[in-house]
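# Analysis of the macromolecular model
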Amino acid sequence: MKIKVGLGYDVHQLVEGRKLWLGGIEIPHHKGCEGHSDADVLIHAICDAILGAANLRDIGFHFPNTDKNFKDIDSKKLLAKVIELIEAKGYKIGNVDATLSLETPKINQHIEEMQKVLAPILKVALDDISIKATTNEKLGYVGNEQGVNAWAVALIEKI
Ligand SMILES: [Zn+2]
């Protein structure tokens, strides 16, 4: 069986007046991520991990932030498109593991819901999508709540 692994990373600014979308769900908070799409940093990192595993460039290549079609788009739609792209190349997801780095709000209570939303899009079992969260110990731009980071790795298998 042919398997391949990919790495994804993303960062967005946290600003007043935007909704906070993380892992495909809206999380109540006084700030949200700035961006052309809904700026779901976690989904973007997962998209890049999957695209990287299939050697299909990156999210900016497929969904440029200059394209009006992607303005404020639900990032779940981008993730679904990424799955179509790897399927066209003969792959399916094995598993995804991701880490969010943000100071507030606490998101541990939301992780199960994120898994339930993302698993059907990734076409995997709940057990094959892992999401973790950490603070940045008050250090740097994550620590002072100016931004949010996410990392992800994805394993893909030749169908
Ligand atoms: Zn992004």
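Residues numbered from 1 in each chain as written. Predicted model: local features only at pLDDT ≥ 70, side-chain atom pairs only at ≥ 80, totals over all residues. Heavy atoms only, no water.

This part takes up the nonpolar core. Judged by nonpolar contacts, the single largest core of 49 residues is most densely connected at Ile 46, Ile 50 and Leu 122. Looking at this core, the elements that each hand over two or more residues are strand 2 (20–22), strand 3 (25–27), helix 1 (41–53), helix 3 (75–88), strand 5 (91–101), helix 4 (111–122), strand 6 (129–134) and strand 7 (147–158). When residues of this core are assigned to their parent elements, the largest contribution, 10 residues, is made by helix 1. Excluding residues within four positions of it along the chain, Ile 50 makes contact with Leu 79, Val 82, Ile 83, Ile 86, Ile 93, Leu 122 and Ala 154. (Core = buried A, V, L, I, M, F, W, Y, C linked by side-chain atoms within 4.5 Å. Buried < 20%, exposed > 50% of the residue type's maximum accessible area, 1.4 Å probe, protein only. Helix = DSSP H or I, 4+ residues; strand = E, 2+ residues; numbered from the N terminus. Contact = heavy atoms within 4.5 Å.)

For helix 3, built from 14 residues, the straight-helix expectation of 20 Å at 1.5 Å per residue is met to within 8% by its first-to-last C-alpha distance of 20 Å. Capping the start of helix 3 is the job of one residue whose side-chain oxygen sits 2.9 Å from the backbone nitrogen of Lys 76: Asp 74. In the stretch just after helix 3, Gly 90 is the one whose phi turns positive, near 90°. (Expected span 1.5 Å × (residues − 1). Polar contact = N/O pair within 3.5 Å; in protein donor to acceptor, adjacent residues only side chain to side chain.)

Attention now moves to the coordination of the zinc ion. Protein-derived coordination of the zinc ion comes from Asp 10 (OD), His 12 (NE2) and His 44 (ND1), at a distance range of 2.0 to 2.1 Å. Here the donor residues of the zinc ion are spaced in sequence according to D-x1-H-x31-H. Taken together, the positions of Asp 10 in strand 1 (residues 3–16) and His 44 in helix 1 put the pair 34 residues apart, joining distant regions of the chain. Residue class for His 44 comes out buried when judged on its relative accessible area of 8%. (Donors = N, O, S within 2.8 Å, 3.2 Å for Na, K, Ca; no water.)

Under the criterion given, the structure shown has 9 salt bridges. In this structure, the salt-bridge partner of Asp 72 is Arg 18, at a minimum N-O distance of 3.4 Å. With Asp 72 in the loop between helix 2 (59–62) and helix 3 and Arg 18 in the loop between strand 1 and strand 2, this residue pair connects regions lying 54 residues apart in the sequence. With relative accessibility at 45%, the residue Asp 72 sits in the partly exposed group. A salt bridge links Asp 74 to Lys 76; the nearest nitrogen and oxygen atoms lie 3.2 Å apart. Connected via shared salt-bridge partners are Arg 18, Glu 34, Lys 71 and Asp 72. (Salt bridge = Lys/Arg side-chain N within 4 Å of Asp/Glu carboxyl O.)

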